[in-house]
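Spelled out, the chains give:
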Amino acid sequence: MSGLPREIYLPAPDGDTAQWMNVHYMDRDGTREEVLRLSSASDTYVDWERRISTDNGRNFGPTTGIPDVVQRLPGGGLVTYPGGCDVDPVTGIRYELRMRRFWPGMEPFTFVWENHQHPFTDHCYVVEHHPDGTSREIFLRFEDGPDWNPDDPFAPDFAAANQAYFGNGFAFTPDGSVYLPLVCHRTAGPDEHEAGVVLMRRRPEDATWGPSNCVHLQSLQSSRGLLEPDVAACKDGRLLVICRGSSTDVTPGHKWVTTSDDGGRTLAPVRELTWDDGTSFYSPSSIHRLQRSRRNGRLYWCANITEAAPDANGPRYPLYLAEIDEERIAVRRSSLVLVDDRREEDSKYLQLSNFSLLEDIETDRFEIYITRIGSNADQRWHAGVDRYVFEPPAP
């Protein structure tokens, strides 16, 4: 087995605890921000910190805590998740993702894993940081509903509308439009799963955000609907959204895709993402990312692809990079590049997932940061952050 070059980037904490890290650029001049957190249980992230480098990662300033991420309020638990950011090359506006998760009457991180009927609601925001130094937070609405009132944070009418989980990142187009997919939770059609996808678009003409239609899968196609969407602009002007799903008794694990050919106003019906010859491949319920290479112009996709049908979330190995065929909207099988796989010393619980992907603005290399939890069967959460580097070929 040979994967991409790998090095330890951040060491593992003491005990059965994982170190996580996401990285993004805050401008087009090489200012990096790393967001750090710890976990010892699924989706339970604590001790949120950040550090900033103004020289493209060569040196970092002090690590500082991020205040008020996890809050225990009189009416329940609230977690405000920092979701990373990106800069629009057209306008210079930096767009920062934010999501608030509310547990009315409960502690933060109260989950029900048996059936995934978790007792929380999610609501998504974008913070626009303008070049003149002003900023504004925008509540992303795809249906009618009230604003959030911090003085009444668990208001039922607010919680009931615009429930959404943010997508993996933004897409920018030359006309100044900005796109962000959301997982929208709303009443669906007969036999459809309530977790669908909506594509939010910031209109350059009036700087307002508006939704596309919401698209769904049948419940027999994915037991958890559509999850963790990512968006990219294709060379022909279409918009591409790839989503995570989850296997059912009659449908194995796949990734799913929808497109828009009218600037994000309308999403086409969702279909299975396949190889470029039209045949199926397997993928567990796990995160994925799209990234276009500045060096060669190709659109790459980073995801777990398995030989056998996965069982819901796993296995989450191996991890591949592959090119997207932008005409067929499919994965080029011949382009597969192995990032990493389970090694002889790794346990069967290994996860090569929840990674962060960055294209270095100086070298055009892809940097992939992974916390390899599950490598040690006795301490499944004991893991640091490893860095992998991909050198895109020339055009």
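Asks: Which residues make up the state of the cysteines, and what values do they have?
Replies: Using the criterion set out here, one finds one disulfide in the structure. Disulfide pairing is shown between Cys184 and Cys214; the S-S distance is 2.1 Å. Looking down the S-S bond of the Cys184 and Cys214 bridge, the torsion is 50°, so its handedness is right-handed. Here Cys184, found in strand β13 (residues 178-185), pairs with Cys214, found in strand β15 (residues 209-215); they are 30 residues apart in sequence, far enough to count as distant. A relative accessible area of 18% places Cys214 in the buried class. There is no disulfide at Cys124, and the cysteine sulfur nearest it, in Cys184, is 11 Å away.

Asks: Please give an account of the pairing of strand β10 (residues 135-139) that cites residues and values.
Replies: Along a regular strand, successive side chains alternate from one face of the sheet to the other. For strand β9 (residues 121-129) and β10, the ladder comprises five bridges, and the chain directions are antiparallel. Directly across from Tyr125, in β10, lies its bridge partner Phe139. Hairpin connection between β9 and β10: a loop of five residues separates the two successive antiparallel strands, and Gly133 in this loop has a positive phi of roughly 95°.

Asks: An account of the packing of aromatic side chains is requested, with residue identities and associated values reported.
Replies: Tallying each qualifying case throughout the model produces 24 aromatic pairs. Positioned over the ring face of Tyr349 is Arg380, at 3.3 Å from the centre of the ring.

Asks: Provide a residue-level description of the pairing of strand β2 (residues 18-25), including the pertinent values.
Replies: Within β2, seven of the eight residues are buried, which leaves it mostly tucked inside the rest of the structure. For β2 and strand β3 (residues 32-39), the ladder comprises eight bridges, and the chain directions are antiparallel. Paired with Ala18 across the two strands is Ser39, which belongs to β3.

Asks: Explain the sheet that holds strand β7 (residues 76-87) to me, using residue names and the numbers behind them.
Replies: With antiparallel pairing, the five strands of this open sheet are ordered in space as β6-β7-β8-β9-β10. Only two strands of the sheet have a single neighbouring strand rather than two, namely β6 (70-73) and β10. Direction aside, neighbouring strands of the sheet carry axes that sit 25° apart on average.

Asks: Please provide a residue-by-residue account of the sheet that holds strand β17 (residues 239-244), values included.
Replies: The strand order across the open sheet formed by four strands is β16-β17-β18-β19, and the pairing between neighbours is antiparallel. Of all strands in the sheet, those with a lone pairing partner are β16 (227-233) and β19 (271-272), marking the two edges. With five bridges joining them, β16 and β17 adopt antiparallel strand pairing. Residue pairing for β17: Asp230 is matched across the bridge by Ile242.

Definitions and limits used
All residue numbers here refer to positions counted from 1 along the written sequence of the relevant chain. Only residues with pLDDT of at least 70 get local features here, since the model is predicted, and only at 80 or more are side-chain atom pairs given and counted; chain-wide, interface and lining totals rely on the full set of residues. Excluded from the side-chain calculation are hydrogens and water; included are all heavy atoms of the structure. The rule for a disulfide is simple: a pair of cysteine sulfur atoms within 2.5 Å. Strands are runs of DSSP state E lasting at least 2 residues, helices are runs of H or I lasting at least 4, and numbering of each runs from the N terminus. Relative accessibility decides the category of a residue: with a 1.4 Å probe and only protein chains considered, values under 20% of the type maximum give buried, values over 50% give exposed, and everything between is partly exposed. Two strands qualify as a pair provided DSSP detects at least 2 bridges between them. Here the aromatic set is Phe, Tyr and Trp, taking the six-membered ring for Trp, and pairing holds for ring centres within 6.5 Å; pairs whose planes are under 30 degrees apart are stacked, those over 60 apart are edge-to-face, and all others are tilted. Cation placement over rings: the criterion is NZ of Lys or CZ of Arg within 6 Å of the ring centroid and within 35° of the ring normal. Angles shown run from 0 to 180 degrees and are taken between the N-to-C directions of axes, each axis being a line fitted to C-alpha atoms and, for helices, limited to the stretch in contact.

Remember that the coordinates give geometry; whether it matters functionally is a separate question.
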